[in-house]
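# An overview of the molecular structure
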Amino acid sequence: MAATMNPDLRRERAAASFNPELLTHILDGSPQNTRRRREIENLILNDPDFQHEDLNFLTRSERFDVAVRKSATLVKKIREFGISDPDEIMWFKNLHKINFVEPVTLNFSMFIPTLLNQATSAQQEKWLRPAQELEINGTYAQTELGHGTHLRGLETTATYDPETQEFILNSPTVTSIKWWPGGLGKTSNHAIVLAQLYTKGKCYGLHAFIVPIREIGTHKPLPGITVGDIGPKFGYDEMDNGYLKLDHYRIPRENMLMRYAQVKPDGTYVKPVSNKLTYGTMVFVRSFLVGEAARSLAKACTIAVRYSAVRHQSEIKPGEPEPQILDFQTQQYKLFPLLATAYAFHFVGAYMKETYHRINEDIGHGDLSELPELHALTAGLKAFTSWTTNTAIEACRMACGGHGYSHCSGLPNIYVTFTPTCTFEGENTVMMLQTARFLMKSYDQVQSGKLVCGTVSYLNDLPSQRIQPQQVAVWPTSVDLSSPDSLTEAYKLRAARLVEIAAKNLQTEVSHRKSKEVAWNLTSIDLVRASGAHCHYVVVKLFTEQLLKIQDKSIQTVLRNLCLLYSLYGISQEAGDFLQENILTDSQVTQVHQRIKELLTVIRPDAVALVDAFDFQDVSLGSVLGRYDGNVYENLFEWAKSSPLNKTEVHESFYKYLKPLQSKL
């Protein structure tokens, strides 16, 4: 590969201040994980059954067909290779699907996790193995035409009939039709349906039910089931997002997931210890999406940085050769903060994965003490990271100029595949408001003299908690702009203050004789700002703490520079908050901007090595611009020549429509 590598990229890699391989080990968790991940990826790369056709030139129906074939092949190969570890399965799938989606995704990401979290041992024994083997293919049917994130508004009903010991599922209105579940349209034969449970004449709210929707063998919809594909979308061409209408459809009582809530044979309802346990699948997916945000942004940064090292354009000094566009300060300012963000989100994603599994294990032992914070953290960080990444991927595309607009860049596919995360598993603004509820409860606890712990423990140190009524709260301004710990403190103060502002504004609105619900709505902008500040603090804090775990000095240095850039760039974008609350002075904000420019220069020699450390195979990037060897232009030409429009020298449309117009010439 070195013999054919673009000379610019060869020089970039030779000039790096650290060994990217060692950083890859950190990102993977260990050298052993890196080695095993590559082994699994090579199983795919060397397998002729996984040779990738270019989906960009296929129709939606063709893309769906290819995706289903690959999904089936994936399951067969996982069995054949004996891969069972969840992380290893994820490595396998990530290389398999490139920047596209697979129709069976929800079977593995939502259907099976729901069984693991909410089914009884008997239900798991019945359903789990068939789902894992894809003998049954499940999806997760929650969202309806009329309601999505507002779960209490869902209209699908499940009414218990004690005489037959069955639940009768029904879609009573057009707005109650299930809408959007992936794999529902044509692929799945089962669905976990969220419905309002009625028994003995009373509604007990949303509960989950395993619902067969298609006949095994024929795959035809069962009587009482109307199901199909909802049509083309902004992206996700390979995914058959679907609709589901239930017409008084009966399922056995045993098909209600009963690990926590139960309905006895006579219809008696046994409530769960916590209603939040019903939403465990969404918490799992939200925690997973934080890591997906990091992965998608890392891909976009890899493409944009490599291409910026290969692309030469314009002049810095008249008469001199055109420089790499990565040498322009404006290009560095576009990309390096995003690169720093990708690293920050990676460490946050790893933390969320670990935290979810730890707390979920505690829940299994009956300890629900950390469940409220887990809900708040997964909701807020899912929103914070997906909003940021969505904007950042588009910034990477535009940083690649005109070629970034082509599908060959890989960036449009990354964007349209990732952008739905801003609305699925909870629309982001609503997610931020869910986090805000936890922050307001925590603030009220502190005001009542209680101590709070976890990520909100900073509320214990509010100036208003430490001063006498006649005193004025004063925030410190001794922030060291070259210290990640000091910058973390600044973000902590900002979060604490914005939470306090939102809480006081909420109290003011309530005191004006408004209901709590109306007051909440009239304070919602402040509440979302507070949640955003809280999440931003958590990200900075976790990135800073990661630095202490790094042993290699060269890697610690480059990650420290990225951490500083992430933190300082965030301050520059939200300078008003830091100034208004006297956390920083005017002169310090001026220094922030200057320090950012200095860090761009420091990071520049390591930029290519930093994206190399993500260790994406070319096939995984799906990008001509982001190729490891940097041979962009010759491959751009080859890609263009493969367009179906070039199969004939003269397209048939010329003879049908244009040639008649030329008959008089």
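See the structure above.
Computed from a prediction, not measured in an experiment: that's the story for all the values here.

Looking now at the overall build of the protein chain. When you go through the protein chain residue by residue, the secondary structure sums to 23 helices and 11 strands. Principal axes of the C-alpha set define a box for the protein chain whose edges measure 90 × 90 × 60 Å. Counting all 665 residues of the protein chain, 53% fall into the buried class. Carbon and sulfur atoms make up 53% of the accessible area of the protein chain, which amounts to about 29800 Å² in all. Taking the 69 positively charged and 72 negatively charged side chains of the protein chain as two groups, their mean positions are separated by 3 Å.

Looking now at a positive patch on the surface. Taken together, the side chains of Arg-152, Lys-276, Arg-437 and Lys-441 define a basic patch exposed on the protein surface. With respect to the element layout, Lys-276 can be found in the loop between strand E11 (269–270) and helix H8 (280–310).

A few words now on helix H11 (residues 411–418). Burial analysis of H11 places 8 of its 8 residues in the buried class, the great majority of the element. Of the positions making up H11, those classed as buried are Leu-411, Pro-412, Asn-413, Ile-414, Tyr-415, Val-416, Thr-417 and Phe-418. In this structure, the buried side of H11 is in contact with helix H4 (60–81), H8 and helix H10 (371–399).

So, about the packing of aromatic side chains. Overall, the coordinates contain 15 aromatic pairs when judged by the stated rule. Ring geometry for Phe-284 against Tyr-356: centres 5.5 Å apart, planes inclined by 55°, an arrangement best described as tilted. In this pair, Phe-284 is assigned in helix H8 and Tyr-356 in helix H9 (residues 329–364), connecting sequence segments 72 residues apart. Residue class for Tyr-356 comes out buried when judged on its relative accessible area of 5%. Put simply, the rings of Tyr-160, Phe-167 and Phe-209 touch in pairs and so form one group of aromatic residues. Taking NZ or CZ as reference, Arg-13 lies 3.7 Å from the ring centre of Tyr-628, over its face.

About the thresholds
Residues numbered from 1 in each chain as written. Predicted model: local features only at pLDDT ≥ 70, side-chain atom pairs only at ≥ 80, totals over all residues. Heavy atoms only, no water. Helix = DSSP H or I, 4+ residues; strand = E, 2+ residues; numbered from the N terminus. Buried < 20%, exposed > 50% of the residue type's maximum accessible area, 1.4 Å probe, protein only. Areas by Shrake-Rupley, 256 points an atom, 1.4 Å probe, with all protein chains shown as cover. Lys, Arg positive; Asp, Glu negative; His and termini not counted. Charge placed at Lys NZ, Arg CZ, Asp CG, Glu CD. Patch = residues over 30% accessible without salt bridge, like charges linked within 9 Å, V, L, I, M, F, W, Y side chains within 5 Å. Salt bridge = Lys/Arg side-chain N within 4 Å of Asp/Glu carboxyl O. Contact = heavy atoms within 4.5 Å. Phe/Tyr/Trp six-rings, centres within 6.5 Å; stacked < 30°, edge-to-face > 60°. Lys NZ or Arg CZ within 6 Å of the ring centre and 35° of its normal.

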